[in-house]
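Per-entry structural report
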Amino acid sequence: MNKESEQRSKYGWIAIILFLGPWASLSAQIAPPGFLCVSNDTLRWDLPVVNCGPVNSYEIYASQNENGPYTLLASVTDLAADFFYHDSPGAGTWYYYLQTNADCPGEPVVASDTLDSLIPLPAVLQSVSVENGDVVVNWANSPSPEVVGYIISREVDGVGSVVLDTVFSGNTYLDTGASPGAQQETYFIESIDPCGNKSIVAAPHSTILLEASDFDNPCIRNVTLSWTPYIGWNSGVAEYRIFEAADSSSWALAGTVDGAETEFQYETTENGREYCFSIVAIQNNGDQQARSNTVCATAMINDPVETLVMANATVMNGEVQLQWFWNDNALIDSYTLQRAGANSNFAGLLTQPPVLPLSNQNTYTDAGINPSTESYSYQVLTTDACGVEMTSNTAATIWLQAEGQNGINTLEWTPYTNGQGTLQGYRVFRLEAGAPIELGFFDSNTLTTADEVDLSDPDQAQACYFVEAETMVEVGTDTVIALQSRSNLACAIQTAKVYVPNAFSPNNDGVNDIFRPYLQFGTPLAYSLRIFDRWGGLVFESQDYDQGWDGLRGTEPLNIGAYAYQLRIEQADGTLIERSGEIYLVR
């Protein structure tokens, strides 16, 4: 690039600041006239200040190609002149720059900005955003160096575009006379130079008009937000961000929708709170944003059921005690308790309106089932004043089974079930003289254990047990309570072990004089022993376990030999033990 083209570069290194007044003195260089504009083939400038020597003329260079070559069009020797008319320039665009011809040997000559004969290039609107009820207009300045101001206009219904103001510094304008909360406002911008030349009108931008509905319906627990699309960005809108502020709190992001969407459902309104909303458009492939107007309203809705927790189902005295929680500000018309067996579906246990005023914690005792036969599940359903139904989690009883055999009582139970509860573990208890004695604490994965009993102790023929689940149950937001869910009472009965001697010697020597079966464990509920001779005749009968046969039929001693016996024992749990065989009488 030659020196001439460097001097006339329109957007290059030339560090000349354009003022509407005279040029300031520049040391160690020859300042050019302050080139202002070109209007109707007339070039206008501000006179330069040159202190290094006398000025001879103002030189005007011109070309019909922005990149040159530039030739001297005229030398203006009238040093008071501040304009020049280009006579008969013909068709096409002309480009000009100015220099000062002065007797300043050795001083560099500086060229002015290069201006063309066209009107200024337009500015570009970047955003129109609603702030505190006013509209802030932002733009990128025109690249034309002759531009000195920007004309801001707004569309007015029934009138058209109305000029609001001309801005001579900066690139923002605050419109305090707009009504962006009532209508979508559209703005225009034009560039203007010192000659009064105006650019074409830049593409308009329009604000976002936000509206909210359904605030006045007590049975709609959300707000419908709808808005006009933001208009102006060539690249379009990437997304809309929805912001909310409740009760004068700070703005918080409530959601985001695609740039093609213009509606959003806000679903967490609470009765009596004031909600404010605003929409922010985000430019696609850009860094611009634009905010809508703000809409505010107080929610007047029926308080919904927000907390509904079946907290516990525990067995006490053969009945199931239920405990559930709901938020006590809810408008509940009715509730239903439902019960299901292990192999049956949920069915209504009762339906009724709640007791008012509503209590956060509620209880009910189910005495209509036997919790020793299976596990039962429970849930609660509510219907509020708007007809909205909600169903709680499920809580189930623990079903304990106990079986005694060979001196070991084996316990098995169903797992603790509650979707709102966290199981800590199980405690196992045995009743002794009616008082519970803890046998141990077991982790949440253990569902069985064994208890060894003393076979020599008749009092341990039957032992009864229950299990308690230690739980932490979430019954509301940030509210967790400790609860115990108890199983049914299950009893284990040890099976009696029977020993029948095969001979006895009723000779009154004090040794083996009586024939009687021996029970290793327990006392029978019913007992029968019968002795027969070889011809089938009944020689002895007893229903008393402690009464054995002394070898007599009545008062008559019987002869040595084999005799038949029949034994029948009924245990406390209904188990029958039947034995028969021969016993030898010896003397």
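Heads up: the structure comes first, above all this text.
Residues numbered from 1 in each chain as written. Predicted model: local features only at pLDDT ≥ 70, side-chain atom pairs only at ≥ 80, totals over all residues. Heavy atoms only, no water.

As for the overall build of the chain
- Check the secondary structure of the chain and you find one helix and 48 strands.
- For 587 residues, the compact-globule estimate of 2.2 N^0.38 gives 25 Å, and the chain exceeds it by more than 25% at 52 Å.
- By its C-alpha atoms, the chain is 175 × 55 × 35 Å across when sized along the principal axes.
- Sorting the 587 residues of the chain into buried and exposed places 45% on the buried side.
- Considering only residue pairs separated by 6 or more positions, the chain has 59% of its internal contacts joining residues 24 or more positions apart.
- Taken together, the 22 basic and 71 acidic charged side chains of the chain have centroids lying 15 Å from each other. (Helix = DSSP H or I, 4+ residues; strand = E, 2+ residues; numbered from the N terminus. Rg over C-alpha atoms; globule rule 2.2 N^0.38 Å. Buried < 20%, exposed > 50% of the residue type's maximum accessible area, 1.4 Å probe, protein only. Contact = heavy atoms within 4.5 Å. Lys, Arg positive; Asp, Glu negative; His and termini not counted. Charge placed at Lys NZ, Arg CZ, Asp CG, Glu CD.)

Digging into the pairing of strand 43 (residues 526-532)
- A large share of strand 43 lies buried, amounting to five of its seven residues.
- In the sheet, strand 43 pairs with strand 47 (residues 561-570) via seven bridges, with the strands oriented antiparallel. Within strand 47, the residue paired with phenylalanine 532 across the bridge is alanine 564.
- The sheet contact formed by strand 43 and strand 44 (residues 538-542) spans four bridges and is antiparallel. Within strand 44, the residue paired with phenylalanine 532 across the bridge is leucine 538.
- Where strand 43 folds back onto strand 44 in an antiparallel hairpin, the turn is made up of five residues, including glycine 536, whose phi is positive at roughly 90°. (Pairing = 2+ DSSP bridges.)

A word on the pattern of salt bridges
- Taken as a whole and assessed by the stated rule, the structure comprises 12 salt bridges.
- Its salt-bridge partner being arginine 241, residue glutamate 239 comes within 2.7 Å of it at the nearest N-O pair.
- The closest approach of N and O atoms between glutamate 470 and arginine 427, which form a salt bridge, is 3.2 Å. In this pair, glutamate 470 is assigned in strand 37 (residues 462-476) and arginine 427 in strand 34 (residues 421-432), connecting sequence segments 43 residues apart.
- Classification of glutamate 470 as buried rests on a relative accessible area of 17%.
- Put simply, Arg427, Glu438 and Glu470 are held in one network by salt bridges that share partners. (Salt bridge = Lys/Arg side-chain N within 4 Å of Asp/Glu carboxyl O.)

Quick notes on the sheet that holds strand 15 (residues 210-213)
- Taken together, the three strands give an open sheet; going across it, the order is 15-16-19, and neighbouring strands pair in antiparallel fashion. Of all strands in the sheet, those bounded by a partner on one side alone are strand 15 and strand 19 (263-266). Within this sheet the neighbouring strands show an average axis-to-axis angle of 20°, counted without direction. (Axes fitted to C-alpha atoms, helices over the stretch in contact; angles between N-to-C directions.)

What about the environment of glutamine 494?
- Note on placement: glutamine 494 falls in the loop between strand 39 (490-493) and strand 40 (498-499).
- Taking the C-alpha atoms as reference, glutamine 494 lies 6.7 Å from glycine 407; in sequence the two are 87 residues apart.
- Within the structure, glutamine 494 has its side chain in polar contact with the backbone nitrogen of asparagine 406 (distance 3.3 Å).
- Within the structure, glutamine 494 has its side chain in polar contact with the backbone oxygen of isoleucine 408 (distance 3.2 Å). (Polar contact = N/O pair within 3.5 Å; in protein donor to acceptor, adjacent residues only side chain to side chain.)

Concerning the sheet that holds strand 5 (residues 83-85)
- Strand order in the open sheet made by the three strands is 1-2-5, with antiparallel pairing throughout. Every other strand in the sheet has two partners, leaving strand 1 (34-39) and strand 5 as the edge strands with one partner each. Going from strand to strand, the sheet's axes swing by 15° on average, the running direction of each strand aside.
- Across three bridges, strand 2 (residues 42-46) lies against strand 5 in antiparallel orientation. Bridging from a neighbouring strand, arginine 44 pairs with phenylalanine 83 of strand 5.

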